[in-house]
Amino acid sequence: MGTENETGKRIYDLAGKMFPITRSITGDGVRQTLKILDNYISEGTGRHFELTEVPSGTQVFDWTVPKEWKIRTAYIENEKGERIIDMEKCNLHVLGYSLPVDEWVSLDELKEHVYTQADQPDLIPYVTSYYKERWGFCMSKNQLDSLPEGKYHTVVDSELFDGSLTYAECVIPGKSDRELLITSYTCHPSMANNECSGPALLAELIRYVDSLPDRKYTYRFVLNPETIGSITYLSRNYKKLQEKTDAGIVLSCVGDDREYSIIRSRYGNTLADRSLEGVLKDLPDHKTYSFLERGSDERQYNAPGIDLPVVGFCRSKYGMYPEYHTSADDMSLVSPEGFEGSYRLMTGWINAMEHNEKYLIKVLCEPQLGKRGLYPTVSKKGSYDEVAAMRHFIAYADGRNDLFEISELTGAPLEKLIEVTDTLKDSGLIEW
Amino acid sequence: MGTENETGKRIYDLAGKMFPITRSITGDGVRQTLKILDNYISEGTGRHFELTEVPSGTQVFDWTVPKEWKIRTAYIENEKGERIIDMEKCNLHVLGYSLPVDEWVSLDELKEHVYTQADQPDLIPYVTSYYKERWGFCMSKNQLDSLPEGKYHTVVDSELFDGSLTYAECVIPGKSDRELLITSYTCHPSMANNECSGPALLAELIRYVDSLPDRKYTYRFVLNPETIGSITYLSRNYKKLQEKTDAGIVLSCVGDDREYSIIRSRYGNTLADRSLEGVLKDLPDHKTYSFLERGSDERQYNAPGIDLPVVGFCRSKYGMYPEYHTSADDMSLVSPEGFEGSYRLMTGWINAMEHNEKYLIKVLCEPQLGKRGLYPTVSKKGSYDEVAAMRHFIAYADGRNDLFEISELTGAPLEKLIEVTDTLKDSGLIEW
Amino acid sequence: MGTENETGKRIYDLAGKMFPITRSITGDGVRQTLKILDNYISEGTGRHFELTEVPSGTQVFDWTVPKEWKIRTAYIENEKGERIIDMEKCNLHVLGYSLPVDEWVSLDELKEHVYTQADQPDLIPYVTSYYKERWGFCMSKNQLDSLPEGKYHTVVDSELFDGSLTYAECVIPGKSDRELLITSYTCHPSMANNECSGPALLAELIRYVDSLPDRKYTYRFVLNPETIGSITYLSRNYKKLQEKTDAGIVLSCVGDDREYSIIRSRYGNTLADRSLEGVLKDLPDHKTYSFLERGSDERQYNAPGIDLPVVGFCRSKYGMYPEYHTSADDMSLVSPEGFEGSYRLMTGWINAMEHNEKYLIKVLCEPQLGKRGLYPTVSKKGSYDEVAAMRHFIAYADGRNDLFEISELTGAPLEKLIEVTDTLKDSGLIEW
C-alpha cells in the first residue's frame, strides 16, 4: 500500500500545505498558494510558473477585474466578549469579499448578515458576494439557531482596493507546437477537494510531463481564479489557444476516492471528449456528465466564439457530493489513494495522447504476423483469438481512425493498443 | 371553466354551423361551408378567403378534376311506403358520388348496393365512389340484417355534371415573405372531428394571426377537398410554395379532447417536424406517428418532387379512433375543451416560430448576468441552478442552433426559452 | 419434402463428392476438387472455371506463396504392427503441411507430435502448420490418453516441393459491367460444413445465374485456398475489383440447417451489408456479426487499401458451432434442407440486387392508382391500407433511396417491393 500510493501521498501532502491559506479570487492568499506550488515544481524540474497580474478595473470581455480583497480578521463576539465564531478557526466564517464592519448589532440584525445551509445544519457553508458590496458571516444553522437574544459585536477587518488579479502559467515544449491544456483554479478558502486537489495534481503532472524524454506535445498548464480568472486569461490568450490546442482538461475535485467523472464539452464531440472518455471507459466504472451539468472553467473554454476542445475531470463531481462548498470539504475528504487514482488516470491520458495518431498499416491485405513471431506457428481452433487486439488494430489502421476511435470500434483497451502500436512500429508495419 | 375555454367554445360553435351541410369533393356543400367560414373571419378581421373554381376535366398532375356532384335527396322506402333510411336524417346514408336511381328492387338486389361496417354493426359508415360510377347507400349492419324479404324503393336524386372544384386561400402578410402554411380540408359530409374541426380551428387561427401586431412570418391558409383538392392546389402553386415555405401543418381531427398527435414528414427532419414536435414535447404526453401512418393532405405536400416541409397535427389521429368515418363522429365527439387545447397548441407553435432564430450571443465567454440583475448577488450552493434555462440558452446561442434545437439540446421548455430571448434582447445580449 | 428440397439435394450430393478428398492450401486435392465442381457447372451451363497456378515463392503482398505439399500416407503403428491411426480412415489425422517422418518413438516423444482438443476429448481436431516446418498427427484426446507405454512407428509420407497454388474463377457477363462477387475457399480436408458447403453452393449459383435471361449484373465467382489464396488472388486483381464491384459475399458453412448469419464489412455500411441484411431481415430470425468476429476471406477483401464491399454469409458461423474444425464436421452435419435454405437466400439476394435501383416516381403528387386498377374503387375505412407497400414505395421513390433503403424505411418486405416495382414499371410509373 505505502509504496503503491507514493505519488498520491506527495500530492496529498502538497494539497495539505495549500489548505490553511485564505484564498479568494484576488489577493495574497492566491499569491502564497502559487508560491507553494512553484516551489514544488521547481524542486522537481527547475521550471517555474510565469505569473501575470491584471489590474483591478481592467475590462475582460463582458466583465471587469474586481478590486483586490484583503482580509485580516473576522469574528463575532457576544456580550461576554466570547468569540462565537472566528475566521482564525475556519476561514469559511467570513463572507467572501465582505466589506469591513465593526458594530454591535441585535440578534435580529445579525441574522440578516449570517448565511447558513438549511439542509446541512451542522456545517458552515461557503458563500461569497463578489460583485455586490455587503458584509457578512457564515455559520452552521445549528449554531445560529442556538444564539440567545442580545447584542453581538461583528468585526470584519477587510479592505477592498485597486490591486490586481493573479494567474499562473507554465508551458513545457514538446517536438510539436500542438498543445494539450491542463488547468485548475485557485480562489476558494480552506476546501480540500474543491480547491486544493486540482492545483496539487496539476503540479505533480508538471513534474511528470517534464520527465517524458521524447514528448510529442507541448503542454500548457494554467492556474487562475475560477470564472473571472479564466475569463481574464482567455481574453488575452484565446486566439493563440484556438490555433494550437488539440485537447484540454479542467481539473476539479480530484482528491477523493469515489467515482471518476467527466464533464463533456459543449457538443461532446471533441478530441478532449473522445480521449478522456476513452481512458475512463477502460476503468470498471465512471460517470459521464453532459455539458448541461458544467460548473467550472469548462464553461468559459466552451463558450460560443471561444470553442476550445476542453472537458472537465473530477472524481466526485463538484455540486454532487454532500461536503461540496461546506466546511466538511476538508483534508479528511481527500486521500493519497484518491490522488493516486487521479494521477494514474491523467498520466494514462497523457500517454494515450502521446501515442495518438491516425495509423495506416503499410501492407495491403493482412500482414503475415507469423513470420515476425507475432502469431502462433501451429494453427488450431482459438489461435486466431490470441492476437485479437493486434488483428483488430491492423484492420482499422486505415488512416481514418485515431487510437481512441480504434479502441471504441474494436473494444480493445487503450493500454493494450498502445503496446500494439509499439510492437507494430518495431516490426516496421506502421510508422509515426 | 367558462371563460377558460372561451375561444374553444367559439370554435366549437363554428364547427356546429358547418356540421349539417352535405359536402363532397365538389359542389354547393363546399361553397356553403366556405361562406360560413368566410363570414367568421371577416367579422373578426375584415379579411376574406380568395376562392378558386377549377373546371371539371382539368388535368392536375396525374389526376383529372371530376364532374361536380349535386345531391338533392336519397332514401329507401319499403312496400308500406315507410322510408327506412333517408339522407335528410343522416347524409352518410347516401354513397358519396352515387349515380341517380329510382327503382324497386328485391332485398338481395338491395344488398348489392348497401355498404355497412361489419365490426361496428350499429353505426352508419362513410363510403364514397368518386372515380367509378355506381349507385349506393350506407346503413348500419344491424338495420340491414333486420330487413324482411320484399321489394324496396331505392331513390337517389343526384346529378353528375361538368362543374368545378372549389378551393379557398387566405394569405396574411408579415414583415418577411418567408411563409408558414396552415391547411385543412372541406369534403366530408356530417362528420365533426374528421371534417368540421380542422376548418373551424383554421378560421380562428386566421383571427389570431391577424391580431399579431409585428408578425415576422407571412401566413398562408388553404382549404380544399382532401387529396384531389390538394393535388389541384399544388399543381398550380407548388413552385411558389417550394420557394417560400419554412413550415406547414395540416389540421385534421383537432376537436376531441384525447391525446395530441403529430404525423411526421417524409424523412421526419424538416423545421415543421422539429417545431411542432418541440411544442408537443413540453406537454405531459403526446403521440408521434411516422410518415408511414400518413393519411391526409401531408401525403401530397410530402410527395417526391413536391418536397414541402409539412406535417400533420391531430388530437386523436384519423383512422385511429373508433368513431372515425362513421355516424358516431358527430358533435358529441368534439368539445370546447378539445378545441381550446388545439388552439393553444397551435398559437404556441406560431409564437415559437415567430421567436425562432439562430441566436448568437454578443459577448465572448459567459456574459456577466449579475450586473444586469439576472443572477443572484449572493453566490452559494444552488445559485447557479436558479438561472439554468438562461445559462443553457447562452451556452448554445452560438449561431448554429435555432430555438427548437436549443430546447432539444438543453431540455428547457420552449415557453421558458421564449421568455429568455425577450429578456436577453432587452439586455442587449442578443439581437434578432 | 422431396421436391421441395430438390436443389438442396443436388448441392448436398455435390458436397458429398468433394468430401473425401484430402485438400490443403496447395496440391492435387485442390485440383481434384475444382475438377468435380467444373464438371458440375459445365453440365448445367457449358461454362468452365478458369484456373490459375501461382508458383511457390511468388511474393503476394506481405506473403510468399508456400511450397506445394503432397501427402501420400500417414499413420502410427504400435509394436504389434497395428495402425492406431491412419489418414486413410480420416485425413484430419495428419497435421496439415507435416514434414515426412519414418521413426520409432517412445510414447513421450510421440506426445510432442500429437495434437488433441482438450475440451472435445472424443473428436479429432483439425490442425495445420503451414509456415513453420514440423511433423505431426492429430487424434482424439481419449485415444491419446489410452495409449500404453511403448514404441510407436510414426509414418508421414509427404513431400514439400516447389509447385504452385491454384485458384479458380468464373465470370458470367450481364448487361452492365458492374459486378457482384461470390467467393468461397478450397483448402480444408474432409470437413463438410466448413469446406465443402461453400464451393458446392457456389457451383449451383453459377447454374442459377447462367439461367437468368436478362441479368443486369456481371457475376464473378472465385474459389481459392483461404487467406493465402485470397491474398494471392487480390494481389493480382484488386484494382479491377475496386473499379467494378458493387457487392460481394464470402460463402462459408452454408450447409447446416441452424440459423442464418451475416458477418458485416469493416464499417458495416456497404451495399453488401445493406443488401444481404435486407434479405435476412425478412426471415423469422437471423444473427448479425460485426467485423470484429470476421474469420474467413472477408478479412482480406475488407483490409485497409483493399476496401471492397464484401460480407460473409453463413448458416452457423464458423468458430461458433461445436463441430467446427473437428472430425464431427462431417456429412451428417449438413443436409438438403440446409443447402436449400442457403440457396433460396442467395437467389433471393441475387433477385433483389437485379431489381435494385434508385427509383424515381414519374408523376408529381401521388399517382392516381384507381384509374390503373391498382386501388379499390369503393373508398371506405381500410381501403387505403390494402395497398400499403405500393403507397410506401411510391412515397419514397424519390431518387434518393434504393430498394433496400425503401424496405428499411417502410418495413415492407423485399419480395413484396420487388412485385411492386414490376407492377409500377408495367404501369409506366417508374422506369429502370
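Fair warning: this is a prediction, and the values are worked out from it, not measured in the lab.

Enquirer: Just to check I follow, could you spell out the sheet that holds strand 15 (residues 287–289) of chain B for this structure?
Expert: By way of backbone hydrogen bonds, the strands of a sheet pair with one another, either parallel or antiparallel. Residues and elements named next belong to chain B. With respect to topology, eight strands assemble into an open sheet ordered 1-10-12-11-13-16-14-15, the strand pairing being mixed. A strand with exactly one partner marks an edge of an open sheet, and here the two such strands are strand 1 (50–55) and strand 15. Between one strand and the next, the sheet's axes are offset by a mean angle of 20°, whatever the strand orientation. Relative to strand 13 (residues 245–251), strand 11 (residues 179–185) runs parallel, the two being bridged by five bridges. Note on strand 13: the bridge partner recorded for leucine 180 is alanine 247. Where helix 2 (residues 28–45) meets the sheet, its contacts fall on strand 1, strand 10 (164–172) and strand 12 (218–224), and the angle it forms with strand 10 comes to roughly 15°. Helix 6 (residues 228–244) rests against strand 1, strand 10, strand 11, strand 12 and strand 13 of the sheet, and its axis sits at about 30° to strand 10.

Enquirer: How do you make sense of the interface of chain A and chain B when you look at a structure like this?
Expert: Interface size is commonly expressed as the accessible surface area that is lost when the partners come together. In this assembly, 33 residues from chain A lie in contact with 26 residues from chain B. Both faces considered, chain A and chain B share a buried interface measuring about 2600 Å² in area, 53% of it formed by carbon and sulfur atoms. Ranking the residues of chain A by area buried against chain B places Asp62(A), Tyr267(A) and Leu292(A) at the top, with a combined share of 27%. On the surface where chain A and chain B come into contact, there are four salt bridges.

Enquirer: Would you mind going over the domain arrangement of chain A with me for this structure?
Expert: All names here are of chain A. Domain boundaries assigned for chain A yield domain 1 (6–65 + 164–354), domain 2 (69–161) and domain 3 (357–431). Contacts between the two partners involve eleven residues from domain 1 and, on the opposite side, eleven residues from domain 3. When domain 1 packs against domain 3, the two sides together hide about 780 Å² of surface, and 57% of this comes from carbon and sulfur. Ranking the residues of domain 1 by area buried against domain 3 places Arg274, Lys281 and Ala352 at the top, with a combined share of 52%. Connecting domain 1 to domain 3 are three salt bridges. Two residues, lysine 216 and glutamate 357, come together in a salt bridge whose shortest N-O distance is 3.1 Å. One can count four residue pairs in polar contact (both at pLDDT 80 or more) joining domain 1 with domain 3. Listed by contribution, the elements that provide at least two residues to the side of domain 1 that touches domain 3 are helix 7 (271–281) and helix 9 (336–354).

Enquirer: Please clarify how the packing of aromatic side chains should be interpreted in this entry.
Expert: Any two aromatic rings considered together are summarised by their centre-to-centre distance and by the angle between their planes. Across all of its chains, the model carries 42 aromatic pairs over all chains by this definition. Between the aromatic rings of Tyr208(A) and Tyr343(A), the centroid separation amounts to 6.2 Å while the plane-to-plane angle is 85°, which identifies the pairing as edge-to-face. Here Tyr208(A), found in helix 5 (residues 192–211), pairs with Tyr343(A), found in helix 9; they are 135 residues apart in sequence, far enough to count as distant. Judged by relative accessible area, Tyr208(A) falls into the buried class, the value being 18%. Residues Tyr396(A) and Phe291(C) carry aromatic rings whose centres are separated by 6.2 Å and whose planes lie at 85° to one another, so their mutual orientation is edge-to-face. Of this pair, Tyr396(A) sits in helix 10 (residues 388–396) while Phe291(C) sits in the loop between strand 15 (287–289) and helix 8 (298–301), on two different chains. In this structure Phe291(C) comes out as buried when scored by relative accessible area, which is 2%. Put simply, the rings of Trp63(A), Trp69(A), Tyr97(A), Tyr130(A) and Tyr131(A) pair up and form one aromatic cluster. Taking the ring centre of Tyr267(A) as reference, the NZ or CZ of Arg400(B) above it sits at 3.8 Å. Stacked on the ring of Tyr289(C), the Lys or Arg Lys317(C) has its end atom at 5.2 Å from the ring centre.

Enquirer: Explain the state of the cysteines here, please?
Expert: A disulfide bridge is the covalent bond that connects two cysteines by way of their sulfur atoms. Overall, the coordinates contain zero disulfides over all chains when judged by the stated rule. The thiol of Cys314(A) is unpaired, and the distance to the nearest cysteine sulfur, on Cys253(A), comes to 5.2 Å. We classify Cys314(A) as buried; its relative accessible area is 0%. With no disulfide of its own, Cys365(B) lies closest to Cys187(A) among cysteine sulfurs, the gap being 15 Å.

Enquirer: When you look at the interface of chain A and chain C in this model, what are you seeing that I'm missing?
Expert: Taken together, the contact pairs 26 residues of chain A with 33 residues of chain C. With both chains or domains summed, chain A and chain C bury close to 2600 Å², and 53% of this area falls on carbon and sulfur atoms. If you sort the residues of chain A by the area they bury against chain C, Leu364(A), Cys365(A) and Lys381(A) come out on top, with a joint share of 28%. Between the two partners, chain A and chain C, sit four salt bridges. Across the chain A-chain C interface, the total number found is 14 residue pairs in polar contact (both at pLDDT 80 or more). Secondary-structure elements contributing two or more residues to the side of chain A that touches chain C are helix 10 and helix 11 (403–410) of chain A.

What counts and what doesn't
Residues numbered from 1 in each chain as written. Chains lettered and ligands numbered in written order. Predicted model: local features only at pLDDT ≥ 70, side-chain atom pairs only at ≥ 80, totals over all residues. Heavy atoms only, no water. Pairing = 2+ DSSP bridges. Helix = DSSP H or I, 4+ residues; strand = E, 2+ residues; numbered from the N terminus. Axes fitted to C-alpha atoms, helices over the stretch in contact; angles between N-to-C directions. Contact = heavy atoms within 4.5 Å. Buried area = accessible area lost by both parts, 1.4 Å probe. Salt bridge = Lys/Arg side-chain N within 4 Å of Asp/Glu carboxyl O. Domains from an automatic or database assignment. Polar contact = N/O pair within 3.5 Å; in protein donor to acceptor, adjacent residues only side chain to side chain. Phe/Tyr/Trp six-rings, centres within 6.5 Å; stacked < 30°, edge-to-face > 60°. Buried < 20%, exposed > 50% of the residue type's maximum accessible area, 1.4 Å probe, protein only. Lys NZ or Arg CZ within 6 Å of the ring centre and 35° of its normal. Disulfide = S-S within 2.5 Å.

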